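Chain residues, written in single-letter form:
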Amino acid sequence: MKKMASVLPNKPQGTYTFVSQPRTVAQRNKYRDQQGDGPTQGQYANIMYDRRIVRGNTYAQCTLPTAALPNPLELQKQQESRRRTIAKRRAKDQLRPRSVEAIEGRKHQDVQTELYLEELTDRVEESDGHCQTDPFLDRPASPLFIPAKTGMDISTQIYEGEVRRTNQRC
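Values in this document were obtained by computation on a predicted structure and should not be read as measured data.

(A) Quick peek at the overall build of the chain. Secondary structure summary: the chain contains 2 helices and 0 strands in total. Burial statistics for the chain: of 170 residues in total, 1% are counted as buried. Accessible surface, the chain: about 20,600 Å² in total, of which carbon and sulfur atoms supply 52%.

(B) Quick look at the pattern of salt bridges. Evaluation of the coordinates by the stated rule reveals 2 salt bridges. Among the ionic pairs, Glu80 bridges to Arg84, the shortest N-O distance being 3.6 Å. Of this pair, Glu80 and Arg84 both sit in helix H2 (residues 72-95), 4 residues apart, which is roughly one turn of the helix. Assessed through its relative accessible area of 31%, Glu80 is described here as partly exposed. For Arg84, a relative accessible area of 51% corresponds to the exposed category.

(C) The arrangement of H2 in detail. With 24 residues, H2 should reach 34 Å at 1.5 Å per residue; the first-to-last C-alpha distance of 35 Å fits that figure. For H2, the buried fraction is low: 0 of the 24 residues fall into the buried class.

Cut-off values and rules
- Residues numbered from 1 in each chain as written.
- Predicted model: local features only at pLDDT ≥ 70, side-chain atom pairs only at ≥ 80, totals over all residues.
- Heavy atoms only, no water.
- Helix = DSSP H or I, 4+ residues; strand = E, 2+ residues; numbered from the N terminus.
- Buried < 20%, exposed > 50% of the residue type's maximum accessible area, 1.4 Å probe, protein only.
- Areas by Shrake-Rupley, 256 points an atom, 1.4 Å probe, with all protein chains shown as cover.
- Salt bridge = Lys/Arg side-chain N within 4 Å of Asp/Glu carboxyl O.
- Expected span 1.5 Å × (residues − 1).

Written out as structure tokens, the structure reads:
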């Protein structure tokens, strides 16, 4: 069996050449198997459904790993602190002085305690205000523009008979 390299013409030694035996391409199925024996088994095919891909603005975003779970001791401490704050609020509400219940036939009424009293009503006071401008007067006509004189005025006196008419024959 002759080698392929011996059949090919020799090229100058200054350039790179590569020669290999021709071979057939390995047979592959046209479609993937239903069991998923292909190389993408366990990988996401569409990155829109991949949890590892973060979409949107990631500036100053605190991301936790998907496998990380919160510490149960920290959760318990947070729940206890919430319970304490709720208990403190209830205690404050119970210690706040309340007014005595009204006697039969009477009822409590809200009273203003500010320095300046104002009348409280359910209906808002409305008032209409009107304003009318003076009618426009007819504007007088603008005077003609006459530019201001600059320099000195000079005149020449011509008496009758001093100027000769050129179109008449003498």
